[in-house]
Amino acid sequence: MNRAMDGDQVSISRRVLDAFRLDPTLMMLLFILSAFGLLILFSASGSNMDLLFRQLTRLGIASVLMIIVANVSLRLLKKLSLGFYLAGVLMLIAVIAFGEVGKGAQRWLDLGFLRFQPSEFMKLAMPMMVASYLSSKVLPVGWKDLLVSAGLVLVPVLLIAKQPDLGTSILVASAGFFVLFLAGVRWKIFMILGILVSLMAPLLWKFALHDYQRGRILTMLNPENDPLGSGYHIIQSKIAIGSGGVYGKGWLNGTQSQLDFLPERSTDFIFSVFGEEFGLFGAILLVFLYLLIIYRGLYIAAVSEDTYGRLLAGALSLTFFVYLFVNTGMVTGLLPVVGVPLPLVSYGGTSMVTLMVGFGMIMAIGSAKRFLR
Amino acid sequence: MAYREQLKDNYSETRLIQRRLILSAVIVLVLMSIVLGRLYVLQVVEHDYFSTLSNSNRVRLKALPPTRGLIYDRNGVVLADNLPAYRLEIIREQVDDLDDTLQHLSEYVDISKQEIKKFRQASHRRRPFESVPLLFNLSDEELAHLAVNLHKFQGVEINARLTRNYPLGKHAVHALGYVGRIDVKDLNQLDEANYAGTSYIGKLGLEKFYENDLHGTVGFQRVEVNASGRTLRVLDENPPISGHNLHLTIDSNLQRLAEDMFKNESGSVVALDPNNGEVLALVSMPSFDPNLFVNGISTKDYKTLRDPKRRPLFNRALTGQYPPGSTTKPFFGLAGLEYSVIGNKQTTFCGGYYLLPNEERRYRDWKKTGHGKTDLDKAITQSCDVYFYSLAYSLGIDRMSEFMKQFGFGRRTGIDSTSERPGLMPSREWKRRARGMPWFPGETLITGIGQGAFLVTPLQLASATGALSLKGKRYKPHLVKSIEYPVESIDLKVIPVISGTYPLKKELNWQHIVNGMQNVVHGIRGTAHRIAEGLSYKIAGKTGTAQVFGIAQDAEYEEEEVIKKLRDHALFIAFAPVENPKIAVAVIVENGGHGSSVAAPIARKMLDAYLLPDQNNGDTSKQETDL
């Protein structure tokens, strides 16, 4: 990174990137991933140019937001944490009170000029808040701070789960959890928590989950039980991926996707399209690309000289990983079907904005070291 | 706050977080390896399995029903063809809630319970992704209504399919039979694979008898479909082979002529060419429109056809069994000459009735005053009953029965159609077997005038008349002249089969009988003399009047008083020209009274039409334009 400071040998593009406080490695990786994403989205949407342009527009808007956020100082970010968090919680309450119902769940808040998904906002506000709280405490985290943090995590997560939106509540919960994990919660506590959760699992199963959520878990365990109902998604997805083989059927040639057998193929199940058309090689390549992005984020976290920055960048990178893991696990039948998109590839605007803003924060953290001192 | 800041150990905190970050990186790697392992299992280990599933998802075998063979009359007039008709079809696999869909569909078209029942039956033998017809023959209005709203229904289609059509409608239906929708009964008999995609099957008559020829061979298409079952492209195709076309022996003009002659009467006419057994007309009246049956007849229509008095569905020509009455007299006369129990000029005195030795019962002649001294010629010409009572008494039932069987009585002719019945030639053996009773001499007498247990079908009677015209040579009647294989362009001619020959002992005996029959028409006192007017060729014929119910002893038969249903059947048999027979006819008019007045004119008209086509030219051309 320091080499970036050395005058003449530095390329012009590097200078431009530096001027905007952007991390070149991460930028390049994100660019490649987005290109991949558009390519496969074109195929998954049945060569729908309109859809592709809409996605491209979102990508553009999200990138602009990322650049703006990348230029926000770490100090300001930290200061905003509490405000964002409180605003997020208020908005979640507002959603439950006046929110719009879409697909059987209240997730949207209509502000008149824009429709807004507060749970999405919480994906960023949560790690910011917990990181900001813990960065001022002595690490590793003690019992009292742990309880406060746990409260900070649980309130919004429960509000989101009530909407109900299992996928987002998992992502928000993991964002908060990762901060705690990185801040050094002792193993002993994890073990106790683990035992508690497994003890409570039957109760959660019975009272905390909606019928359809229970159904999804049962379906994941045995999709063939209900091949035309809830098992259909998983079966068709496995057929798509499995029939892709090692080399895939070729771009635009996936029969499962092109002939509509695969449901939700441009959104949550887009990885199956990729697996079908590009095979195991393509899938490994894509996973590798994701891992590079995650590791770049973790590296930026590791080399950051500020605790808040370290915790936030690490948590955001790991949340990005949760997207990847839950989505790929879901489409391959390892995990139940929860609505988690394949990050930056699935069609859809809100998660893309959140993710890119997250990367903006990571870049801001990365550049803080270079410019703030 | 300040003192707490001092307590923070920045170095150890950094190390702590970095350790956790490294740990996270490892966990990330491990978890993603599990996903990659899973991908390996799906895409490499189980690849073949999922490939198969993927193909069975997208590739489907679609049955292509063959086009049913056409049926022509002997002059090439189309009697049965196939017309495109719009059908409402449902692909069950794509319908979430069948009842709900049917309910909604009935907002746009009428769907009867009967149709729903038939649809459910039919859908049992189709695979879930095959379309099953619900409504056949949509009207333009229904079509318009449905087409506009079709987008509201998943898995509901309108398709144009070929449907059987009988252009002549009710004409010749008893010769043709008809097709109908395949039902549960048919399912047990047909070859399921070959009928995949077929909706119709021959139910009756020729359509049933020649089902294997007419149906053809099913074709198959491998098609690529999308998830909603829509065919996207044809991968390969094995086209269906059309059924064979039938060219009939029936002359549709002759057929229509005869049918029109019946007006409102019931009865039957069979005309055939004695020289080869080709059936020229096979009439059973009243008739019905077979087109009603093709797509399943409505209960209302069916009710009218079940009219118990007129019974239009009943095929009188093949299934109707009537007492032949006096039409048997030429045959028994020939038997008498051949067995030498009578001589040609030998006479019997007819006093109006006949008495068996030692019996009181009078066997009446139709003419109360009697015919007086009667020889064979007079007995045939004037249809003297007493002469034939006496003849029967001399012959005995055994010889009568044996002789008549050689002309095909009491046995199915073996015509190429369905539901033919054998009639009944009574004999001692039959009586013992069927009734468990001995034969009474009185029965011999009434058999001698074609009454009693003696029953014939119109077809049998025509066939026997034809055999008589050929001095005993009897061809098997048949309706199909040739079978055309359109693909191979082969026209397979049906070769006439001789089904029996009576070896005539003396040709002169035969000549005497034919002379008698000729006098029936041409003789001044012949019972059918009234049809002789203006004849340019010679007809040999015989009238008959068959009693429908027995007249009690001493009771008077007053025609006017007897309600129509119980009136006698009128019969007439004939062949012409006498010197070189080309056509033999049997006519039965139910409850028509006397054969001479009702049945004979029908025969005359037909013989004229067949033998003198030039005189009927105006008539025939008019009929053809009517088609």
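The rules behind each value
Residues numbered from 1 in each chain as written. Chains lettered and ligands numbered in written order. Predicted model: local features only at pLDDT ≥ 70, side-chain atom pairs only at ≥ 80, totals over all residues. Helix = DSSP H or I, 4+ residues; strand = E, 2+ residues; numbered from the N terminus. Buried ≥ 20, exposed ≤ 12 C-beta atoms within 10 Å, placed from the backbone. Contact = placed C-beta atoms within 7 Å. Axes fitted to C-alpha atoms, helices over the stretch in contact; angles between N-to-C directions. Parallel < 35°, antiparallel > 145°, perpendicular 65-115°, else oblique. Nonpolar A, V, L, I, M, F, W, Y, C, P; charged D, E, K, R; others polar. pLDDT = per-residue confidence, 0-100. Pairing = 2+ DSSP bridges. Left-handed = near helix turned anticlockwise from the far one by under 90°. Core = buried A, V, L, I, M, F, W, Y, C linked by C-beta atoms within 7 Å. Expected span 1.5 Å × (residues − 1). Bend = angle between axes of the 7 residues up to and from the residue.

On to the overall build of chain B. The helix and strand inventory of chain B stands at 24 helices and 23 strands. Looking at the 627 residues of chain B, the share that counts as buried comes to 44%. Pairs at least 24 apart in sequence give 74% of the contacts found in chain B among residues at least 6 apart.

Moving on, we come to the overall build of chain A. Helix and strand counts for chain A stand at 14 helices and three strands. Of all 373 residues assigned to chain A, the portion counted as buried reaches 53%. Sequence separation of 24 or more characterises 71% of the internal contacts of chain A that already satisfy a separation of 6 or more.

A separate point is helix α20 (residues 441-448) of chain B. All names here are of chain B. For α20, the buried fraction is high: six of the eight residues fall into the buried class. When α20 is considered as a whole, its buried residues turn out to be E443, T444, L445, I446, T447 and G448. Where the residues of α20 are buried, they touch α15 (329-338), β14 (353-355), β15 (362-364), α17 (385-395) and α18 (397-405). Of the residues flanking the end of α20, it is G450, one or two places downstream, whose phi is positive at about 75°.

This paragraph deals with the packing of helix α13 (residues 307-331) of chain A against helix α2 (residues 10-45) of chain B. When two helices pack together, their arrangement is given by the angle between the helix axes and by the axis-to-axis distance. Interaxial distance between α13 of chain A and α2 of chain B falls to 11 Å at its minimum, and their mutual angle equals 10°. Considering the angle they form, α13 of chain A stands roughly parallel to α2 of chain B. Of the residues in α2 of chain B, those in contact with T307, R310, L311, G314, L318, F321, F325, T328 and G329 of chain A of α13 of chain A are E13, I17, L21, S24, V28, L31, M32 and V35 of chain B. Classifying every residue of the contact of α13 of chain A with α2 of chain B by side-chain character gives 10 nonpolar, five polar and two charged.

Cis rather than trans, the peptide bond between M285 of chain B and P286 of chain B has omega equal to -5°. Looking at the secondary structure, you find P286 of chain B in the loop between β12 (278-285) and α12 (291-294). A cis geometry characterises the amide bond from A576 of chain B onward to P577 of chain B, with omega recorded as -15°. In this structure, P577 of chain B sits in the loop between β22 (569-576) and β23 (583-589). The phi dihedral of S47 of chain A falls on the positive side, at around 55°, and the residue is not glycine.

A few words on the interface of chain B and chain A. Counting from both sides, the interface comprises 35 residues of chain B and, opposite them, 42 residues of chain A. If you list the elements that add at least two residues to the side of chain B that touches chain A, you get α1 (2-7), α2 and α3 (47-58) of chain B. Examining the composition of the side of chain B that touches chain A, we find that 19 residues originate from one element, α2 of chain B, more than from any other.

Moving on, we come to the confidence of the model for chain B. Residues and elements named next belong to chain B. Mean pLDDT for chain B: 85, with 93% of residues reaching 70 or above. Taken as a whole, residues 1-6 scores under 50 in pLDDT and shows one contact with residues more than four places along the chain or in a different chain. Across residues 550-556, confidence stays below pLDDT 50; counting only partners more than four residues off in sequence or on other chains, it has two contacts. Predicted as a complex, the structure gets a pTM of 0.66 and an ipTM equal to 0.90.

Backbone-to-backbone hydrogen bonds pair the strands of a sheet. The strands run either parallel or antiparallel. Residue and element names in this part refer to chain B. Across the sheet, which stays open at both edges, the three strands sit in the order β1-β8-β9 with antiparallel pairing between neighbours. Edge positions in the sheet fall to β1 (59-64) and β9 (231-238), since each has one partner strand and no second. Neighbour to neighbour, the strand axes of the sheet diverge by 30° on average, direction disregarded. Alignment of strand β8 (residues 219-225) against β9, held across six bridges, turns out to be antiparallel. Looking across to β9, one finds that V225 is bridged to T231.

Moving on to the sheet that holds β23 of chain B. All names here are of chain B. Read from one edge of the open sheet, five strands run β12-β11-β23-β22-β21, paired in antiparallel fashion. Both outer strands of the open sheet, β12 and β21 (540-546), are each paired with one neighbouring strand and no more. For this sheet, the mean inter-axis angle between neighbouring strands, taken without regard to orientation, is 5°. Note that β21 and β22 share seven bridges and pair antiparallel. When the bridges of β22 are listed, G544 appears paired with L571. Contacting β11 (267-273) and β12, helix α11 (residues 252-261) crosses the sheet at an angle of about 30° to β12. This element, helix α21 (residues 458-469), spans β11, β22 and β23 of the sheet and lies at about 145° to β23.

Another point: the packing of helix α2 (residues 24-44) of chain A against helix α3 (residues 49-70) of chain A. Residue and element names in this part refer to chain A. Relative to each other, α2 and α3 sit at 160°, their axes nearing to 10 Å. By the criterion of interaxial angle, the relationship of α2 to α3 is roughly antiparallel. By crossing handedness, the relation of α2 to α3 is classed as right-handed. Taken together, the residues of α3 that come into contact with α2 (itself represented by S34, L38, L41 and F42) are L52, Q55, L56 and L59. Across the contact of α2 with α3, the residue classes break down as six nonpolar, two polar and no charged.

Let's shift gears to the nonpolar core. Residues and elements named next belong to chain B. By size, the foremost hydrophobic cluster in this structure holds 121 residues, and its most contacted members are V270, A271, A281, V585, V587, A599 and M606. Top contributing element to this core by residue count: helix α23 (residues 595-611), with nine residues. Ignoring anything within four residues of it in the chain, the contact list for V270 reads V279, A281, L282, A317, P458, L459, A462 and A586.

A few words on the environment of L492 of chain B. Residues and elements named next belong to chain B. Among the secondary structure elements, L492 is positioned in strand β19 (residues 490-493). Separated by 11 residues in sequence, L492 and K481 place their C-alpha atoms 8.6 Å apart. In contact with L492, not counting residues within four places along its chain, are S482, I483 and Y485.

For the rest of this paragraph, the subject is the environment of L292 of chain A. Looking at the element boundaries, L292 of chain A is found in helix α12 (residues 270-303). Between the C-alpha atoms of L292 of chain A and L30 of chain A, which are 262 residues apart in sequence, the distance is 9.8 Å.

Residue and element names in this part refer to chain A. In this model helix α4 (residues 74-98) runs 34 Å from its N-terminal to its C-terminal C-alpha over 25 residues, within 8% of the 36 Å that 1.5 Å per residue would give. Taking the largest bend as the criterion, α4 deviates by roughly 40°, centred on S81. For α4, every residue scored as buried is listed here: L74, L77, S81, Y85, G88, M91, L92 and V95.

Attention shifts here to the pairing of β12 of chain B. Residues and elements named next belong to chain B. Counting buried residues along β12, eight of its eight residues qualify, which places the element largely inside the surrounding structure. Examined bridge by bridge, β11 and β12 share seven bridges and lie antiparallel to one another. In the strand pairing of β12, A271 is matched with A281.

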